[in-house]
Amino acid sequence: MMMMMMMMTTRRVSTNSSLSATAFGSFTKWSFKSSQFHGESLDSSVSPLLIPGVHVFHCPDVVGIVAKLSDCIAAKGGNILGYDVFVPENNNVFYSRSEFIFDPVKWPRSQMGEDFQTIAKKFNAMRSVVRVPSLDPKYKIALLLSKQDHCLVEMLHKWQDGKLPVDITCVISNHERAPNTHIMRFLQRHGISYHYLPTTDQNKIEEEIFELVKDTDFIVLARYMQVLSGNFLKGYGKDVINIHHGLLPSFKGRSPAKQAFDAGVKLIGATTHFVTEELDSG
């Protein structure tokens, strides 16, 4: 999820209302790092024929990129709902994220990929990723958690409401849960398996976890209070996203809540980041 900060030395374009489109090649293997989509499902209620899409683009910064991308959408009758552009300070690169609606009859999904790929080649793009949640395959994910349920509950409710284009393959925890609880009844009702894998300081059960998650597209740590080893991250080779402590400001490392308390923090919120070998640096 890209944070767009308004600075005098950066350029930003943001349009949140529906406006005319005149103003990260083809999607083969998805990487969460190259398609950091944020927000809930786009509103396609304008017309029953229109469905939402998202395009993320990363290339060297030159004149005319925004015009070319928006013209591509407009030429197929699409309509932009939201648009963000970011050019970092002292770094000649361009990032954009487009939210749009379109008619899949007028603009078939395969043609869309080819059209954005043509633009990617023109601007020597490092990444060009388009996502149509209602048409594209859903991502297979696994959820890991420890004792507290609130991050898992939020994920499950958004998934149930259709706001997350994923298939949850399993839930893994280092804490056991009684069968007749809200969480366990929900998982059973939706056919999601639950795996209790108790961990110790000497044995993190990473081989067992790996066997359960090796075929997923990415992993979400829904307040999983264990540190995954560098060997596990390298062996898995795909993205691991950490939904951090529900009360976490910008304090890295262990005991962030204590760090926040000691610093006198009064109002704070949840964060997410990619898991790397260096704790809280992703």
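A few points on the structure.

What counts and how
Residue numbering note: each chain is counted from 1, following its sequence as written. With the structure being a predicted model, the display of local features is reserved for residues of pLDDT at least 70 and the display and counting of side-chain atom pairs for 80 or more, all residues being used for whole-chain, interface and lining totals. Water and hydrogen atoms were dropped before computing side-chain values, which therefore reflect all heavy atoms in the structure. Each helix is a run of DSSP H or I of at least 4 residues and each strand a run of E of at least 2, with the numbering of both proceeding from the N terminus. Note on areas: these come from Shrake-Rupley sampling with a 1.4 Å probe, and a residue is covered only by the protein chains present in the view. We call a residue buried when its accessible area falls under 20% of the maximum for its residue type, exposed when it is over 50%, and partly exposed in between, using a 1.4 Å probe and counting protein chains only. His is not counted, nor are the chain ends; Lys and Arg add positive charge and Asp and Glu add negative charge. Any carboxyl oxygen of Asp or Glu within 4 Å of a side-chain nitrogen of Lys or Arg constitutes a salt bridge here. Nitrogen and oxygen atoms within 3.5 Å of one another constitute a polar contact, given that in protein one can donate a hydrogen and the other can accept it, and given that sequence-neighbouring residues count only through two side-chain atoms. The arc refers to the directions leading from the helix axis to the C-beta atoms. Residue contacts are counted whenever heavy atoms from the two residues lie within 4.5 Å of one another. Take the number of residues in a helix, subtract one, and multiply by 1.5 Å to get its expected span. Only Phe, Tyr and Trp rings take part, Trp by its six-membered ring, and two of them pair if their centres are within 6.5 Å. Stacked means planes under 30 degrees apart, edge-to-face means over 60, and tilted covers everything else. If DSSP finds at least two bridges between two strands, the strands pair. Between N-to-C directions, angles cover 0 to 180 degrees, with each direction set by a line fitted to C-alpha atoms, over the stretch in contact for helices.

## Observations regarding the overall build of the protein
Here comes step 1: Scanning the protein from N- to C-terminus turns up seven helices and 12 strands.
Here comes step 2: Summed over its atoms, the accessible surface of the protein is roughly 15,400 Å², and 54% of this surface lies on carbon and sulfur atoms.

## Quick word on unusual backbone geometry
Here comes step 1: Positive phi, normally seen in glycine, also occurs at N90, with a value near 55°.
Here comes step 2: As for its position among the elements, N90 is in the loop between β4 (79-87) and β5 (93-102).
Here comes step 3: Of the residues examined, N90 reaches a relative accessible area of 77% and is grouped as exposed.
Here comes step 4: Phi is positive for R223, close to 65°, though the residue is something other than glycine.
Here comes step 5: Among the structural elements, R223 can be located in the loop between β10 (218-222) and α6 (230-236).
Here comes step 6: A relative accessible area of 16% means that R223 is categorised as buried.

## Here's the deal with the side chain of R223
Here comes step 1: No salt bridge is formed by the buried R223; the nearest opposite charge belongs to D149, separated by 9.4 Å.
Here comes step 2: Only 2.8 Å separates the side chain of R223 from the side chain of Q148, close enough to count as a polar contact.

## Examining helix α4 (residues 182-189)
Here comes step 1: When we look at burial in α4, the residues that qualify are I183, M184, F186 and L187. In an axial view of α4, the angular spread of the buried residues amounts to 160°, which keeps them on one side of the axis. For α4, exposure combined with an orientation more than 90 degrees from the buried face picks out Q188 and R189.
Here comes step 2: On its buried side, α4 packs onto α3 (150-160), β8 (166-173) and β9 (193-196).
Here comes step 3: After α4 finishes, the residue G191 shows a positive phi value of roughly 70°.

## Considering helix α2 (residues 109-122)
Here comes step 1: End to end, α2 covers 20 Å across 14 residues, agreeing with the expected 20 Å (1.5 Å per residue, within 8%).
Here comes step 2: Those residues of α2 that sit buried are R109, M112, G113, D115, F116, I119 and A120. Take α2 and look down its axis: the buried residues cluster within an arc of 165°, on one side only. For α2, the exposed residues lying more than 90 degrees away from the buried face are S110, T118, K121 and K122.

## A word on the packing of aromatic side chains
Here comes step 1: Counted according to the given criterion, the structure contains 10 aromatic pairs.
Here comes step 2: Ring geometry for F100 and F102: centres 5.9 Å apart, planes at 45°, overall tilted.
Here comes step 3: Assessed through its relative accessible area of 0%, F102 is described here as buried.
Here comes step 4: When the ring of W107 is compared with that of F116, the centres are 5.8 Å apart and the planes differ by 40°; the resulting orientation is tilted.
Here comes step 5: Classification of W107 by relative accessible area gives buried; the value is 0%.

## Some words on the sheet that holds β8
Here comes step 1: Across the sheet, which stays open at both edges, the six strands sit in the order β9-β8-β7-β10-β11-β12 with mixed pairing between neighbours. Two strands lie at the open edges of the sheet, namely β9 and β12 (272-274), each paired on one side alone. When the angles between neighbouring strand axes are averaged without regard to direction, this sheet yields 25°.
Here comes step 2: Contacts from helix α5 (residues 206-213) reach β7 (139-145), β8, β9 and β10 within the one sheet, and its direction differs from that of β8 by about 165°.

## Some points on the pattern of salt bridges
Here comes step 1: Evaluated as defined, the whole model comprises eight salt bridges.
Here comes step 2: Across the pair D115 and K76 runs a salt bridge whose closest N-O atoms are separated by 3.9 Å. Note that D115 is positioned in helix α2 and K76 in the loop between α1 (65-75) and β4, a separation of 39 residues in sequence.
Here comes step 3: A residue is classified by how much of its surface remains accessible, and K76, at 28% relative accessible area, is partly exposed.
Here comes step 4: A salt bridge links E99 to R97; the shortest N-O distance between them is 2.5 Å.
Here comes step 5: Taking relative accessible area as the criterion, R97 reaches 7% and is therefore assigned buried.
Here comes step 6: Residues joined by salt bridges that share partners form a network here, namely R109, R131 and D136.

## Thoughts on the environment of Y236
Here comes step 1: Relative to the helices and strands, Y236 is located in helix α6.
Here comes step 2: Given the relative accessible area of 5%, Y236 is considered buried.
Here comes step 3: Taking the C-alpha atoms as reference, Y236 lies 6.4 Å from K214; in sequence the two are 22 residues apart.
Here comes step 4: A distance of 2.7 Å separates the side chain of Y236 from the side chain of T216, its partner in a polar contact.
Here comes step 5: Polar contacts involving the side chain of Y236 include one to the main-chain amide nitrogen of F218, which spans 3.2 Å.

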